[in-house]
Amino acid sequence: NAGVMQNPRHLVRRRGQEARLRCSPMKGHSHVYWYRQLPEEGLKFMVYLQKENIIDESGMPKERFSAEFPKEGPSILRIQQVVRGDSAAYFCASSPQNNEQFFGPGTRLTVL
Amino acid sequence: GNSVTQMEGPVTLSEEAFLTINCTYTATGYPSLFWYVQYPGEGLQLLLKATKADDKGSNKGFEATYRKETTSFHLEKGSVQVSDSAVYFCALPLSGNTPLVFGKGTRLSVIA
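Figured I'd write up the structure that's included with this text.

The rules we used
- Residues numbered from 1 in each chain as written.
- Chains lettered and ligands numbered in written order.
- Predicted model: local features only at pLDDT ≥ 70, side-chain atom pairs only at ≥ 80, totals over all residues.
- Heavy atoms only, no water.
- Contact = heavy atoms within 4.5 Å.
- Buried area = accessible area lost by both parts, 1.4 Å probe.
- Salt bridge = Lys/Arg side-chain N within 4 Å of Asp/Glu carboxyl O.
- Core = buried A, V, L, I, M, F, W, Y, C linked by side-chain atoms within 4.5 Å.
- Buried < 20%, exposed > 50% of the residue type's maximum accessible area, 1.4 Å probe, protein only.
- Helix = DSSP H or I, 4+ residues; strand = E, 2+ residues; numbered from the N terminus.

## Quick notes on the interface of chain B and chain A
If you look at the interface, chain B gives 18 residues, while chain A gives 20 residues. For the chain B and chain A pair, buried surface summed over both sides reaches about 1,500 Å², with 53% attributable to carbon and sulfur atoms. Our count for the contact surface shared by chain B and chain A stands at one salt bridge. With a closest N to O distance of 3.1 Å, Lys49 of chain B and Glu100 of chain A form a salt bridge.

## Digging into the nonpolar core
The biggest cluster of nonpolar side chains holds 27 residues, and the ones touching the most others in it are Trp35, Leu47, Leu48, Phe73, Leu75 and Tyr88 of chain B. If you list the elements that add at least two residues to this core, you get β2 (11-14), β3 (19-21), β4 (23-26), β5 (33-38), β6 (44-50), β8 (62-65), β10 (86-93) and β12 (106-111) of chain B. The element that contributes the greatest number of residues to this core is β10 of chain B, accounting for four residues. Setting aside its immediate chain neighbours within four residues, Leu47 of chain B contacts Trp35, Tyr36, Val37, Asn59, Lys60, Phe62, Leu75 and Tyr88 of chain B. Cys23, Val47, Ala67 and Leu77 of chain A belong to the second-largest nonpolar core, a separate cluster that totals 23 residues.

What follows is the structure, given as structure tokens:
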């Protein structure tokens, strides 16, 4: 059983461009969480999704950020018009039924 | 919501030294408590957990006891190895079961 997959592992964008981060949960997992880790800090919760539904987006900025978890395919975290402050590691986690979370390797976003 | 305060590092120890990383929490009720480990360039891995008061979680020689009297969940290891060098995060659910709130992390470096 493959673990949580994230791609790309590294993403470089210029200010104003869009960033799309993908997360494929573990097989059988229907709950996905996105976290952001700024340098030398802990992870901060952004958004919690189930298939086709956003359950909790209280940690996600209201502007420029959006997330989806369609019926088919990976979960996508989308950042529009990126700024330097968006540079961080973005981690996805999945769980089978709202319990123990398994983390992916992360996507490291660098905004030039 | 719940919160966690974690001893800040960095911590540098010689091989075979005793390790303690302090973690205290503020929570409604008695949520599950977790320690995660992040090796360089990787995502988070669950190290151990405890689901109720007085439980002791253990894995790979690490231990932590859920103490409700002191609202603590300190991580300990009797004899660290160079391979234990990583960042350690204490975590608990924000509310209910998930998502998680993390401490800022403690970087451990073990030297031979």
